[in-house]
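Listed here are the chains, written in short residue letters.
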Amino acid sequence: MGSVRRSIVAGVLAAAAGLAAAEGVAAIANLRESPVVAVAQGVIRVTPGPIAEAVIGWVGTKDKPLTIACVVVAVLAIGALAGRWWDGRRAWSLGVVAALVVGAGLAVLSRPYGSVGGLLACAAAGLATIATLSTLQKATESEGRRSFLRTALLLGLGVALVGGGSQALASRHRRRRRIEQLREAIPSTAVTPPPGVDVSEKLSWVTPNRDFYRIDTALTAPLIDPSKWRLRIHGMVDRELEISYDDLVRRADTTAWVTLCCVSNPVGGDLVGNALWGGVLMRELLEEAGVQDDADALLSTSEDGWTCGTPLAALTDGRDAMLALTMNGEPLPVPHGFPVRQVVPGLYGYVSATKWVVDWEVTRFADVEAYWTQRGWSEQGPVKTASRIDVPELGDVIAPGRAVAAGVAWRQHVGIERVEVRVDDGPWQEATLGRVPSDDTWVQWRIEWDAVPGQRRLTVRAVDAEGTVQTAAKQAVLPDGATGHDSVSVLVR
Ligand SMILES: Nc1nc2c(c(=O)[nH]1)N[C@H]1C(S)=C(S)[C@@H](COP(=O)(O)O)O[C@H]1N2
Ligand SMILES: [Mo]
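Here the structure is a predicted model, which is why all the values come from computation and not from measurement.

K.L.:
Just to check I follow, could you spell out the pattern of salt bridges for this structure?
P.N.:
A full pass over the atoms with the stated rule returns 29 salt bridges. Close ionic contact of E303 with R32 constitutes a salt bridge, the shortest N to O distance being 2.8 Å. Remark: R32 occurs in the loop between α1 (3-28) and α2 (35-46) and E303 occurs in the loop between β5 (297-302) and β6 (307-311); sequence separation between them is 271 residues. Residue D317 pairs with R319 through a salt bridge whose shortest N-O separation is 2.8 Å. Under the relative-accessibility criterion, D317 is labelled partly exposed at 44%. Taken together, the salt bridges that share partners define one network made up of K64, R214, D216 and K355.

K.L.:
Is there a simple way to explain the packing of helix α5 (residues 90-109) against helix α6 (residues 116-143) in this structure?
P.N.:
If you want to describe how two helices pack, look at the angle between their axes and the distance between the axes. Running from N to C, α5 and α6 point in directions that differ by 160°, and their axes come no closer than 8 Å. Between α5 and α6, the interaxial angle falls into the category roughly antiparallel. Where α5 crosses over α6, the handedness of that crossing is right-handed. Contact with α5, carried on its side by R90, S93, L94, V97, V101, A104, G105, V108 and L109, involves G118, L119, C122, A123, G126, T129, I130, L133 and Q137 of α6 and no other residues of that element. In terms of residue class, the contact of α5 with α6 is made up of 11 nonpolar, 6 polar and 1 charged.

K.L.:
Just checking my understanding: could you explain the packing of α1 against helix α7 (residues 145-169) for this structure?
P.N.:
Here α1 crosses α7 at 25°, and the two axes come no closer than 8 Å. The angle between α1 and α7 places the two elements in the roughly parallel class. Between α1 and α7 lies a crossing of left-handed hand. Residues R6, V9, A10, L13, A16, A17, A20, E23, G24 and A27 of α1 touch α7, and the partners they reach there are R145, F148, A152, L155, G156, V159, V162, G163, S166, Q167 and L169. Across the contact of α1 with α7, the residue classes tally to 13 nonpolar, 5 polar and 3 charged.

K.L.:
Hey, could you run me through the sheet that holds strand β12 (residues 397-398) in this one?
P.N.:
Where strands meet in a sheet, backbone hydrogen bonds hold them as pairs that are either parallel or antiparallel. Spatially, 5 strands are ordered β12-β19-β18-β14-β15 in an open sheet, and the strand pairing comes out mixed. The sheet terminates laterally at β12 and β15 (429-430), the two strands that pair on one side only.

K.L.:
Looking at this structure, I do not really get the nonpolar core. What am I missing?
P.N.:
Generally speaking, nonpolar side chains in soluble globular proteins are found buried as a group. Core analysis: the biggest nonpolar cluster contains 84 residues, and L248, W277, L323 and W360 have the highest contact counts within it. Considering each element in turn, this core owes the most residues, 6 residues, to strand β4 (residues 272-281). Judged by nonpolar contacts, the second largest core, of 21 residues, contains A403, W445, A462 and V490.

K.L.:
What am I meant to see in the site of ligand 1 here?
P.N.:
Neighbouring residues of ligand 1: 19 residues in total, closest Y213, T217, H336, R341 and K355. Contact between ligand 1 and R341: an oxygen atom at 2.7 Å from a side-chain N or O atom of the residue. Between ligand 1 and the protein, one listed contact pairs a nitrogen atom with a backbone N or O atom of A353 at 3.0 Å. Within the complex, the protein chains bury 99% of what would otherwise be the 530 Å² of accessible surface of ligand 1. Its residues placed into classes, the shell around ligand 1 shows 9 nonpolar, 5 polar and 5 charged.

K.L.:
Sorry if this is basic, but what is going on with the sheet that holds strand β10 (residues 357-363) here?
P.N.:
One open sheet accounts for 5 strands, arranged β2-β1-β10-β5-β6; its pairing is mixed. Among the strands making up the open sheet, the edge pair consists of β2 (241-244) and β6. Strand after strand, the sheet turns through a mean of 20° between neighbouring axes, direction not considered. Bridging between β5 and β10 involves 6 bridges; their strand directions are antiparallel. Counterpart to L298 in the pairing with β10 is V362.

K.L.:
Would you mind going over the side chain of R456 with me for this structure?
P.N.:
Mapped onto the secondary structure, R456 falls in strand β18 (residues 454-464). Once residues within four sequence positions are removed from consideration, R456 is found in contact with V423, D424, W449, V488, S489, V490 and V492.

K.L.:
Explain α7 here, please?
P.N.:
If you check α7, its first and last C-alpha atoms are 36 Å apart, about what 25 residues at 1.5 Å a residue would give, namely 36 Å. All buried positions along α7 are accounted for by S147, F148, T151, A152, V159, G163 and S166. Taken together, the buried residues of α7 touch α1 and α6.

K.L.:
In this structure, what is going on with a nonpolar patch on the surface? I would like to understand it.
P.N.:
A grouping of V102, L106, L109 and L119 is seen on the molecular surface, where their side chains present a nonpolar patch of about 370 Å² in accessible area. Per element, the largest residue contribution to the nonpolar patch is 3 residues, and it comes from α5. Within the element layout of this structure, L109 appears in helix α5. Judged by its relative accessible area of 51%, L109 is exposed.

Calculation notes
Throughout this document, residue positions are counted from 1 along each chain, in the order its sequence is written. Each chain gets a letter, beginning with A, and each ligand a number, beginning with 1, in the order they are written. Local features in this predicted model are restricted to residues whose pLDDT is 70 or higher, and side-chain atom pairs enter the listing and the counts only when it is 80 or higher, whereas totals over whole chains, interfaces and linings include all residues. Only heavy atoms go into the side-chain values, all of them from the structure, while hydrogens and water stay out. Salt bridges are identified by distance alone: a Lys or Arg side-chain nitrogen within 4 Å of an Asp or Glu carboxyl oxygen. Elements are defined by DSSP. Helices are runs of H or I of four residues or more, strands are runs of E of two residues or more, and each kind is numbered from the N terminus. Three labels apply to residues, based on accessible area from a 1.4 Å probe with only protein chains included: buried if under 20% of the type maximum, exposed if over 50%, partly exposed otherwise in between. Axes here mean lines fitted to C-alpha atoms, for a helix over just the part in contact, with angles spanning 0 to 180 degrees between N-to-C directions. Note on angle classes: values under 35 degrees are labelled roughly parallel, values over 145 roughly antiparallel, values of 65 to 115 roughly perpendicular, and the remainder oblique. Crossing handedness: left-handed means the near helix sits turned counterclockwise from the far one by under a right angle, and right-handed means the same turn made clockwise. Contact criterion: two residues are considered in contact whenever any of their non-hydrogen atoms come within 4.5 Å of each other. Throughout this entry, Asp, Glu, Lys and Arg are counted as charged residues, while Ala, Val, Leu, Ile, Met, Phe, Trp, Tyr, Cys and Pro are counted as nonpolar. The remaining residues, Gly among them, count as polar. Being paired, for any two strands, means DSSP has found at least two bridges between them. Nonpolar cores were defined as sets of buried Ala, Val, Leu, Ile, Met, Phe, Trp, Tyr and Cys residues, with membership established by side-chain atoms within 4.5 Å. Each residue is tested against the molecule or strand, and it is near if at least one of its non-hydrogen atoms lies within 4 Å. For this analysis, a polar contact is any N or O atom pair within 3.5 Å, provided that within protein one partner can donate a hydrogen and the other can accept it, and provided that sequence-adjacent residues contribute only side-chain to side-chain pairs. Note on areas: Shrake-Rupley, 1.4 Å probe, and residue coverage restricted to the protein chains presented here. Between the first and last residue of a helix there are one fewer steps than residues, each counted as 1.5 Å, and that sum is the expected span. To count toward a patch, a residue needs a relative accessible area above 30% and no salt bridge. Like charges then connect within 9 Å, nonpolar side chains (Val, Leu, Ile, Met, Phe, Trp, Tyr) within 5 Å.

Structure representation (C-alpha cells):
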C-alpha cells in the first residue's frame, strides 16, 4: 500500500474509531441520542424546504436512515482528509478534527435535550480519532507496512466491537421496550367501520395503523412515559394550565373518523390515511384556559422540539379538533405520537397534527413562525380537493369489456359531492360513491367502464360539497399542497 493510500485508510479508520467512541459514551451515559443522530437532526433542520421536499419525493420514508448514512459517510470522508494531512500538515489535520468535534458539539447543544453527556461523547470522538491516527503512524514508522496493516486490522476490530456493542447496549432500546409495554398495558377496543363505506373489495376505507403513512422530522421517535407526560397551556390565556395523561383519559369522550393527509402528498400519492381517533376536544381545553380576544394562533410544540401553527378558528369552530389518545381503538402507536397527538379535520398535518405534543402557546401568527413555515411552506394549510385512482394500477393489462375503476377522493371538513372519471378524452362520467359518516373523511368511488382494446388512460376528478370542480392545473406540493388530476394508463388486450 502506497503511503497516500495508507494515510487515507488511517484517516477513515480514525474517524470510524471516533464514531465508535461517541456511540460508546452515548450508550454508557444513557444519552437519548448520540452525536451522529444529533448532527443528522441538525442536517434535517437546516435543509431548505424544496430540497427536503425533493428528497422525500425521491426516497420516501427511507429519508431517515439515508440522512444518518450520509452523516456517517461525510464523517469518514472528512476523516480521510485528516489522515491525508496527518504527515506533513499536522496543524490542518488537527484543525479538521477539531472542526468536526465543535460542529458535532453545536449540533448536540441545538437539540432540545442537548447535554453534557453529548459534549463528552463529541470530545471522546475527537480524542479517539487523534489517538488512532498517531497509533497507526507510530506502527508504520517503527516496523513499516506489515505493522500498519496488523495495527489497522486490530483497531478495526476494536471499532466494530465498541460500535456494535454500544448499539446493543444503548438505553434507547431498553427504553423502547419499556414504553412499548406501558403502551400495550393500555386497553384497546375493537373498531368496525360504518356500513357502506367500502365500494370495492380491493380498497380499505379504514387505514390500519401499521399501514398508515408516517411523516415527521424525528430520526428516532420520542419515547414518552404517559405518567410523566404533561401538556402546558400558556401564552395569551387567562389561566395557564397543565394537563396530565390521566386528566385526558378521564375526560376522553370524543371519537371521530378523520382522514389525515400530508401537504407533501403528490397527486396520486399515498401520504394520506383514514382512522378513528379518540380523545378530548381541543376547544374544551382552550375554553378552560380562556383564550384572549386578539389571539389567532395556537403554536404547538412536540417533545422533540418540532413546532406547528394552527388557526385558533379551526380549533374552536365546532369541528372535531382533538387531542387524540387512540387511533383505530388502540393507544396511539409510538411513531404516530404516543401518548398524545393532535388531529384537526380539514388541515394538512404540518399545520395541525402535532405528534408527541407537550406545549401549547396561544399566540398570534404575526408573532411566531412554525417549523415548516420557516422553510417556505404556507402559514395556513387547508386541505385541497384531491382524488386518486387505486384500481386499476399503472401498467395493469385488462381484458376488453366491462371493467372496474375505483379509488378515493377527499376534501376534509367540506366534503365530496361527486366524483367523475373519463377514459382518454371522452366525457366525464359520474362514479358511485361509498357512504361516509361525516365530511371529515375521504370517500370511496367506483365506476364501470367499457375497456376498448388499446392503450387507455383513466383520469379522475372530484367536485367538492361547495360545487367546486377539482382543478386540472398542475401545481407542485410547495408551498401549500399539490393540485392536478390523477390519471393511470393501462393496456386493454
Ligand atoms: N412532532 C411532530 N409532529 C408532526 C410532524 C413532525 O415532524 N413532528 N409532522 C407532521 C406532518 S407534516 C404530518 S403530515 C403528520 C403525519 O402524521 P402521521 O405520521 O401520524 O401520519 O404529522 C404531523 N405531526
Ligand atoms: Mo406533512
